[in-house]
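Fold and contact review
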Amino acid sequence: MNRTEPLVLGIESSCDETGVGIVRGDKLLTNTVSSSMDEHVRFGGVIPEIASRAHLDAFVPTLRQALDEAGVTLAEVDAIAVTSGPGLAGALMVGVCAAKALAVATGKPLYAINHLVAHVGVGVLDGGALPDNLGALLVSGGHTEILRVKSLTGDVQLLGSTIDDAAGEAYDKVARILGLGYPGGPAIDKLARQGNPKAIRFPRGLTQPKYMGSAEEPGPHRYDWSFSGLKTAVARCVEAYEAAGEDLPVADIAASFQEAVVDVITAKAVLACTEHGITNLLLGGGVAANSRLRELTKQRCEAKGISLRVPPISLCTDNGAMVAALGAQVVMAGAEPSGITFAPDPSMPVTSIHL
């Protein structure tokens, strides 16, 4: 197997995107994604059973398209990488079983990869090697986390995370309250540009002194987030306007909600960076597409002398290229293959980079 510039095929199926990506070392050859999002719209969120069935239907066509776009054959592939967690159990199972079948059929080594660390690893495809003193802010429909990345393939630490809803979940739930449909992130981001972000002061969860503590004596949730109370506050706000018979200022509510989310996310992420000597930050995950999050993260990083790196949107959302990218880094680091006896882990911790 070529360990200097391995040709790696990556498979991603943790949620509602069936992704197959192919990389050669740190060069992207193709990033092919089939999404089942349209099938979930009428439910206002991802339905695991529907997502799993969609992965079954989409996998082979997506694989064939990826190989065609990359101009390679399965025989030329050096290794296969697959998301083994975290994610939806049934969805993960489809991707893992497909990857195992390919590995057995082709005799290629198989690497089980952590979905969250892959969101960091994708950075090598856009800008080359990742810098030292690296942190990662991952914001998506299922995860909101700040990581310290000492080694992409060997040492990733979780500094803080959401204790309830992820930011993307909060966007979807608030969009439903405001009648904006699914997915909520793009709808709220667009509408918020027409509203006043200071119109309503919504709560910033876990920012009270009892949770924050100090740098010398950190509180229990110094770098953690909570968005459940924010969602409830929006619901109570809407109810108050309706009870008073007043027109609902939807744009102002959307803008004020969004400001509450991105304010607390960026403030805590930058705090974690400054207190842990992190001088480079990578922003990833589907919510990285949010214009206000990107803007405020950039402002606050610049104010603290932190270099910010944001991959292209197509590489921030769930995709197979990120799995292939981390898989290639793992191969080049000399790690042994995972074999085919591992099981997908819906709650796979970020400290477990590969199995």
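Residues numbered from 1 in each chain as written. Predicted model: local features only at pLDDT ≥ 70, side-chain atom pairs only at ≥ 80, totals over all residues. Heavy atoms only, no water.

Another aspect to go through is the sheet that holds strand β6 (residues 134–139). Within the open sheet, the five strands sit side by side as β8-β7-β6-β9-β10. Their pairing is mixed. Edge strands, defined here as strands with exactly one partner in the open sheet, are β8 (155–161) and β10 (307–309). Strand-to-strand twist of the sheet, defined as the mean angle between neighbouring strand axes without regard to direction, takes the value 25°. Of the pairings in the sheet, the one linking strand β9 (residues 280–284) to β10 comprises three bridges and is parallel in character. The residue of β10 that forms the bridge with leucine 282 is arginine 309. Of the strands in this sheet, β6, β7 (144–151), β8 and β9 are in contact with helix α9 (residues 250–275), which crosses β7 at around 20°. In the packing of helix α10 (residues 291–303) onto the sheet, contacts are made with β6, β9 and β10, and the angle to β9 comes to roughly 175°. (Pairing = 2+ DSSP bridges. Helix = DSSP H or I, 4+ residues; strand = E, 2+ residues; numbered from the N terminus. Axes fitted to C-alpha atoms, helices over the stretch in contact; angles between N-to-C directions. Contact = heavy atoms within 4.5 Å.)

On the UniProt side, "binding site: Fe cation" (unreviewed entry) is annotated at positions that read His115, His119 and Asp318 here. The largest pairwise C-alpha distance within this set of annotated residues, which runs over 204 residues, is 8.6 Å, so the set is compact in three dimensions. Cross-referencing the annotated residues with the lining of the largest pocket gives His115, His119 and Asp318. You can see histidine 115 is positioned in helix α4 (residues 115–121). Residues within four places of histidine 115 in sequence aside, it is in contact with Glu12, Ser14, Thr83, Gly85, Pro86, Asp318 and Met322. Polar contacts involving the side chain of histidine 115 include one to the side chain of serine 14, which spans 3.3 Å. Tracing the sequence through the fold places aspartate 318 in the loop between α11 (313–316) and α12 (320–332). The buried category is assigned to aspartate 318, whose relative accessible area is 14%. Within the local environment of aspartate 318, its side chain forms a polar contact with the side chain of histidine 115, the two groups lying 3.3 Å apart. (UniProt positions renumbered as here; feature names shortened; annotations may be inferred. 1 Å grid on protein atoms, 1.4 Å probe; cavity = no way out; pocket = protein on both sides within 12 Å on 5 of 7 lines; lining within 4 Å. Polar contact = N/O pair within 3.5 Å; in protein donor to acceptor, adjacent residues only side chain to side chain. Buried < 20%, exposed > 50% of the residue type's maximum accessible area, 1.4 Å probe, protein only.)

Turning next to the side chain of glutamine 258. Inspection of the secondary structure puts glutamine 258 in helix α9. Classification of glutamine 258 by relative accessible area gives buried; the value is 5%. If sequence neighbours within four positions are ignored, glutamine 258 has contacts with Tyr171, Ile188, Asp189, Ala192, Asn290 and Arg292.

With that out of the way, let us pick up the layout of surface pockets. If you add up the space inside the largest pocket, you get close to 1000 Å³. Taken together, 35 residues form the lining of the largest pocket, with Ser140, Gly141, Gly142, Asp172 and Tyr182 sitting closest to its centre. Broken down by element, the residue count for the lining of the largest pocket peaks at six residues, all from helix α5 (residues 167–177). For the lining of the largest pocket, the residue count by class is 12 nonpolar, 15 polar and eight charged. Around the second largest pocket sit 18 residues that line it, and Leu130, Pro131, Val149, Lys150 and Ser151 are the ones nearest its centre. Ranked by the residues each element gives to the lining of the second largest pocket, the list is headed by β7, at four residues. (Points joined across faces, edges and corners; volume = space filled by probe spheres on them. Nonpolar A, V, L, I, M, F, W, Y, C, P; charged D, E, K, R; others polar.)

Looking now at the packing of aromatic side chains. Evaluated as defined, the whole model comprises one aromatic pair. Ring plane angle 75° and centroid distance 5.1 Å describe the contact between tyrosine 171 and phenylalanine 257, whose orientation is recorded as edge-to-face. Residue tyrosine 171 is located in helix α5, and its partner phenylalanine 257 is located in helix α9; the two are separated by 86 residues in the primary sequence. Tyrosine 171 sits in the buried class, given a relative accessible area of 2%. Residue placement shows lysine 100 over the ring face of phenylalanine 342; its charged tip is 4.8 Å from the ring centre. (Phe/Tyr/Trp six-rings, centres within 6.5 Å; stacked < 30°, edge-to-face > 60°. Lys NZ or Arg CZ within 6 Å of the ring centre and 35° of its normal.)

The next point concerns the pairing of strand β1 (residues 7–12). A large share of β1 lies buried, amounting to six of its six residues. Where burial is concerned, the two faces of β1 agree: the one with Leu7, Leu9 and Ile11 and the one with Val8, Gly10 and Glu12 are both buried. As paired strands, β1 and strand β2 (residues 17–24) are joined by six bridges and run antiparallel to one another. Within the sheet, the bridge partner assigned to glutamate 12 lies in β2 and is glycine 19. Taking the residues that link successive antiparallel strands as the turn, the β1-β2 hairpin has four residues. Pairing of β1 with strand β4 (residues 79–85) involves four bridges; the strand directions are parallel. Bridging from a neighbouring strand, glycine 10 pairs with alanine 81 of β4.

Quick look at the pairing of strand β5 (residues 110–114) now. For β5, the tally of buried residues reaches five of five residues, placing the bulk of the element in the interior. Covered by surrounding structure in β5 are Leu110, Ala112 and Asn114 together with Tyr111 and Ile113, the residues of both alternating faces. As paired strands, β4 and β5 are joined by five bridges and run parallel to one another. From the neighbouring strand, alanine 81 faces β5, where its bridge partner is tyrosine 111.

Okay, the nonpolar core next. By size, the foremost hydrophobic cluster in this structure holds 45 residues, and its most contacted members are Leu137, Ile146, Phe202, Phe227, Phe257 and Ile265. For this core, the elements supplying multiple residues, two or more each, are β6, α5, α6 (184–192), α8 (228–243), α9, β9 and α10. Here the element with the most residues in this core is α9; it accounts for 13 residues. With residues up to four places along the chain from it excluded, the contact list for phenylalanine 257 reads Ala170, Tyr171, Val174, Ile188, Phe202, Leu230 and Val234. Judged by nonpolar contacts, the second largest core, of 35 residues, contains Tyr111, Ile113, Leu116 and Leu152. (Core = buried A, V, L, I, M, F, W, Y, C linked by side-chain atoms within 4.5 Å.)

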